[in-house]
Amino acid sequence: MTTRFSILLAVIFLTACNSSNKENAVLPKNSNDSAFTNVKDRAWWKEAVVYQIYPRSFKDSDGDGVGDLKGIISKLDYLKSLGIDAIWLNPIYTSPNDDNGYDISDYRSIMKEFGTMEDFDALLKGMHERGIKLVMDLVVNHSSDEHEWFKQSRSSRTNPYRNYYHWWPAEKGKPTYRWSFFDVKSEAWRYDTLTNAYYLHYFSKKQPDLNWENPKVRQEVYDIMKFWLNKGIDGFRMDAFQFASKDTSWPVLPKGYEKNVIKYYGDGPHLHDYLQEMNREVYSKYNVMSVAEGAGSSPEDAMKFVDPDRKELNIAYHFESVDIGKTLNDYGLVNYKKIFSRYDSVFKDKGWLAIFMANHDQPRMVSKFGNDDSANREASSKLLSTFVLTMRGTPFYFNGDELGMSNIRFNNIEDYNDVATRNQYENLKNTSGDLKSFLEDKKQTSRDNGRTPFQWNTEINAGFTLGKPWLKINPNYTTVNVAVQEKDSNSVLTYFKKIVALRKNSPALIYGSYKLYDEKNPNVFAYTRTFNTEKYLILLNFSNTKTDFILPDELKSFTRLVLTNYTTVTAINFTGNSIQLQPWQSVILK
Ligand code: GLC
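Worth saying up front: this structure is predicted, and the values here are computed from it rather than measured.

> Provide a residue-level description of the site of the ligand, including the pertinent values.
Contacts to the ligand come from 13 residues, most closely from Asp99, His142, Asp239, His360 and Asp361. In the model, an oxygen atom of the ligand is placed 2.5 Å from a nitrogen or oxygen of the Asp361 side chain. At 3.0 Å from an oxygen atom of the ligand is found a side-chain nitrogen or oxygen belonging to Arg447.

Next comes the structure, spelled out in structure tokens:
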């Protein structure tokens, strides 16, 4: 070791020890707008930390076991305390709930279980008073079969609403096979006796696909969007919109295409024409966030949705980084790093991405990407929060992950509510499939793992409801809950607030360029974020074992510990040319 480097290490070590005595070593700056003066193309939706609320599971105010808007209102101060800037709310519109609100029967009213339009107005006001923006879900690839449009459409072949949906007259024989995500038989065409015709449903049979070729449908949707935007909401997350445009000549698709379904469904012939029209008619008139849920099957596809020159949407929320199979451990960190680096290289100069590890369609973040056993749950949850909040792109953070909530792992099919899980089970039952291994698999993968009620405190039903919760509550609520963690300066929750504060005040963590180091390292994800003279080095040990990260020369100038998820004085240990990272340790250096 050279003398210069030994001195440097000593300095780092001392800084680390000192800082870790000061509450986890975070050094939040005050909101410092002048630091952002040189940023090109600033936008609120790039700087926002988005927190996703699954309303059914967040907080029940009236004892019916289902979360509701008044429940969210009662927790606005909690939301404010997180430091987040915007909330994406899953659908709250009137719905028969075949797919928990993703089957809408009236786009301009509030689901009864969730409350009233007055409650909605109060929620929006309460959020805006606290400086929190509201992004709503827009579900217009399909409606509910109980929507008035579909009722009309189904009633006769000559009804003016017939062309609001895709129909195939049965006298022409069976339509070409289309695979469905949620159908018990995986068939997207469903025969309807009333008019002797098939209708298309990519999702459940109660979610018929709207016919975007019909300009009237498009105008209806633009009017709905304006209705909500004129109420003052701050944007939309466009549900499954990549599937909206279909080749209505219904060509035969190659056998097994469903294994690569986004390639075949995700880039229909007029998709981008519709998005450009939507932009002209709606988005261009408001300063709002517009998020493409699903954005094709490559970074280049994703760019098409959000290239500012094309005037479509502004944030691409692609799936490659969650479609990695059951666990990150199986997939491999090296492959995972490649995904982010590939996307970042395409997006480094223009366009904008969402960064997320979980949502209501995924198992819990810590159970998939971290380790939720008792020894590692806290550290790995904090590490994952560090990752989501220090990557380039707008963080979309799922409610409950700030507590380190983990998979519930139901034993019985009766415990599940999710239409996807239940219908897949039904299918296997009908085809004598292996139900036991299916249930085993769902303990890791089912969407219901991410949907169990939010854990507020140690009281009955985790403080979520006084009634019978619609989905079972994870028994770990006695220790994993807000009340306990708010009092603990080392909790997952406290750490989350620190990392949010750090990101918000740092142009480098929001806009800075991303550079990956040691790409072949199977345990450590190491990268820098740089904006002008502000530079951070982020080291994340994605493993259950201690590991030494060898510092290349160009990283030896990072001498100040900004934040780590370990708290003792050995929080960060520099030996020779390397830094020893504890299991699941995250370190941010300046
Ligand atoms: C989206 C939603 C998911 C829903 C599906 C159909 O992927 O996130 O929850 O089931 O679309 O609307």
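> Could you give an account of the side chain of His360, with specific residues and numbers?
In this structure, His360 sits in the loop between strand S12 (354-355) and helix H13 (365-368). At a separation of 2.9 Å, a polar atom in the side chain of His360 contacts the side chain of Gln52. A distance of 3.3 Å separates polar atoms of two side chains, one belonging to His360 and the other to Asp361. Residues in contact with His360, not counting those within four places in the same chain, are Gln52, Tyr54, Trp88, Asn90, Tyr102, Arg237, Phe398, Arg447 and Arg451.

> Tell me about the sheet that holds S12, and please be specific about residues and values.
The strand order across the open sheet built from 8 strands is S11-S10-S9-S5-S2-S1-S13-S12, with neighbouring strands paired in parallel fashion. The two strands at the open ends of the sheet, each matched to only one other strand, are strand S11 (315-317) and S12.

> Describe the packing of helix H14 (residues 377-390) against helix H18 (residues 492-504), naming the residues involved and giving the relevant values.
Interhelical geometry of H14 versus H18 gives an angle of 15 degrees and a closest axis separation of 10 Å. Between H14 and H18, the angle falls in the class roughly parallel. Our pair here, H14 against H18, has a crossing hand that is right-handed. Seen from H14, the contacting residues are Glu378, Ser381, Lys382, Ser385, Thr386, Val388, Leu389 and Thr390; seen from H18, they are Val492, Tyr495, Phe496, Ile499, Val500 and Arg503.

Parameters at a glance
Residues numbered from 1 in each chain as written. Predicted model: local features only at pLDDT ≥ 70, side-chain atom pairs only at ≥ 80, totals over all residues. Heavy atoms only, no water. Near = heavy atom within 4 Å. Polar contact = N/O pair within 3.5 Å; in protein donor to acceptor, adjacent residues only side chain to side chain. Helix = DSSP H or I, 4+ residues; strand = E, 2+ residues; numbered from the N terminus. Contact = heavy atoms within 4.5 Å. Pairing = 2+ DSSP bridges. Axes fitted to C-alpha atoms, helices over the stretch in contact; angles between N-to-C directions. Parallel < 35°, antiparallel > 145°, perpendicular 65-115°, else oblique. Left-handed = near helix turned anticlockwise from the far one by under 90°.

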